[in-house]
Structures are given as C-alpha cells and as structure tokens.
Amino acid sequence: MWLAPAAAGAFLVRPAGSFVGMDTKELLFFLDACRRGDADDVAQMCSAFPQLINAADAKGFTPLIIAAYNNHTGVVQYLLEHGAAADAADRSGNTALMGAAFKGYAGVADVLLQHGADVHVRNGQGATALTFAATFGQVALAKKLLAAGADASVPDSRGKTPIDHARIQEHEAMLQLLTGAHQ
C-alpha cells in the first residue's frame with residue numbers, strides 16, 4: 001500500500017492493485033480516528049471508504065498499525081475483521097505486532113495473533129516482534145510470541161538474536177525465558 005501525490009491536496013491510494021482518487025482529508029480523518037481509538041468514527045470510515053482500510057500515510061502507517069501502536073484493541077479487532085492486512089508494514093518494515101511487542105500491549109498482540117499475524121516477519125533491520133519484546137523486556141509478550149512459534153535464535157541484520165538483545169539490556173527474566181525456549 002502506498003500513496004502517490006496526485007492533484008494538489010489529493011493522493012492516489014493504491015489498495016489491492018487499483019488506484020482510487022482520494023482527498024487526503026478522508027485518509028487523515030480515518031488515521032486520526034484509529035489513533036484516538038474512536039470505534040464509531042472507524043466503523044463509519046470503513047463503511048464509507050472501504051478502500052482505505054489498508055491505505056498508508058507517507059510513513060507507511062496503516063490504520064491497523066496506528067490503532068495497534070496506540071493500544072486500541074477493539075479498533076484493531078474491528079479493522080482485522082473488516083479486511084485489514086495483519087502483517088502490513090510501515091516504511092521501515094515494522095508491523096502492528098512489532099509495535100505491540102515493544103510497547104507490551106498484550107491484548108493487541110492476542111488479537112493480531114488470532115487473526116494470523118506472522119511472528120516470523122522481519123523489518124528492514126532484520127528484527128522480529130520477538131527481537132522487540134526481548135530488547136524492551138516485555139516478558140509476557142515474549143511468552144505469547146514463543147507460544148505462537150517465534151524463534152529466539154533468529155539474528156537481525158547486525159547478527160544479534162533476541163537472546164543477545166536481552167543479554168545486552170540486562171533483562172534477566174527475559175534471558176531466562178529465551179534461553180530456556182532455545183534449548
């Protein structure tokens with residue numbers, strides 16, 4: 001999903017392989033509703049502009065990513081039930097699950113995993129959701145990711161595994177969890 005400049009004040013939103021002329025105000029309002037967690041506005045926007053469900057702003061933030069990053073579990077659930085791509089990534093390759101992992105949003109992570117979010121997706125630096133959970137000491141999230149099949153031995157682009165990140169950050173509980181899972 002990407003936005004390309006069109007006429008002044010408008011963008012072309014490219015959902016599912018087709019171009020749709022779109023005034024930026026609709027997209028910005030939709031993204032703001034997701035940021036605020038306003039379920040009514042999100043539902044109205046999904047109904048009126050279904051092509052925006054996987055649209056992204058200039059940074060690649062989709063409605064799902066914004067709702068997840070702001071811990072709006074109900075909005076995340078609604079978006080996924082209405083066609084949001086669970087593994088959509090921003091321009092850095094970060095997904096909603098990665099955001100939930102580094103912020104410790106267990107409810108958001110549960111909903112994403114229930115809707116098929118892939119624990120193996122890697123961002124532009126080769127990090128997975130487990131890498132973020134390990135780095136930020138989110139033990140409960142790491143347990144969920146491991147239960148969903150995440151691998152603590154997968155290195156990022158610098159050759160560091162989630163185990164290495166836990167060790168560097170001196171997260172002892174995380175280190176115990178990950179080294180136990182790795183054996």
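Residues numbered from 1 in each chain as written. Predicted model: local features only at pLDDT ≥ 70, side-chain atom pairs only at ≥ 80, totals over all residues. Heavy atoms only, no water.

Peer 1: What exactly am I supposed to notice about the packing of aromatic side chains here?
Peer 2: Two numbers describe a pair of aromatic rings. These are the distance of the centres and the angle of the planes. One pass over the structure, following the stated rule, counts 4 aromatic pairs. Each ring, one from F61 and one from Y69, has its centre 6.2 Å from the other, and the planes form 65°; the classification is edge-to-face. Between F102 and F132 the ring centres are 6.0 Å apart and the planes differ by 40°, which places this aromatic pair in the tilted class. Residue F102 is found in helix α5 (residues 96-103), and its partner F132 is found in helix α7 (residues 129-135); the two are separated by 30 residues along the sequence. Ring-pair connections join several aromatic residues into one group, and the members of that group are F61, Y69, F102, F132 and F136. The ring centre of F29 lies 5.9 Å from the NZ or CZ of R36, which sits over that ring. (Phe/Tyr/Trp six-rings, centres within 6.5 Å; stacked < 30°, edge-to-face > 60°. Helix = DSSP H or I, 4+ residues; strand = E, 2+ residues; numbered from the N terminus. Lys NZ or Arg CZ within 6 Å of the ring centre and 35° of its normal.)

Peer 1: What am I meant to see in the side chain of T135 here?
Peer 2: Relative to the assigned elements, T135 resides in helix α7. Note on T135: relative accessible area 17%, which makes it buried. Looking at T135, its side chain comes within polar contact range of the main-chain oxygen of T131, at 2.8 Å. At 3.5 Å, the side chain of T135 and the side chain of H165 are in polar contact. When residues no more than four places from it in sequence are discounted, the contact partners of T135 are H165, Q169 and H171. (Buried < 20%, exposed > 50% of the residue type's maximum accessible area, 1.4 Å probe, protein only. Polar contact = N/O pair within 3.5 Å; in protein donor to acceptor, adjacent residues only side chain to side chain. Contact = heavy atoms within 4.5 Å.)

Peer 1: Would you explain the nonpolar core in this entry?
Peer 2: Among soluble globular proteins, nonpolar side chains are generally buried collectively. Ranked by size, the top nonpolar core spans 52 residues in total, and within it V76, L79, L112, L145 and L178 carry the most contacts. When residues in this core are grouped by element, the largest group, 6 residues, is from helix α3 (residues 63-69). For L79, the residues in contact, after removing those within four places along its chain, are F30, C34, V42, C46, I53, P63, L64, A67 and A84. (Core = buried A, V, L, I, M, F, W, Y, C linked by side-chain atoms within 4.5 Å.)

Peer 1: Looking at this model, I keep getting lost on helix α2 (residues 39-48). Mind explaining?
Peer 2: Owing to its 3.6 residues per turn, the α-helix aligns residues three or four sequence positions apart on the same side. Residues D41, V42, M45 and C46 constitute the buried set of α2. Seen end-on, α2 carries its buried residues on one side only, within an arc spanning 135°. Exposed side chains of α2 directed beyond 90 degrees from the buried face belong to D40, Q44 and S47. Looking at the buried residues of α2, the elements they touch are α1 (24-36) and α4 (73-81). Its side-chain oxygen 3.2 Å from the backbone nitrogen of D40, D38 forms the N-cap of α2. (Arc of directions from axis to C-beta.)

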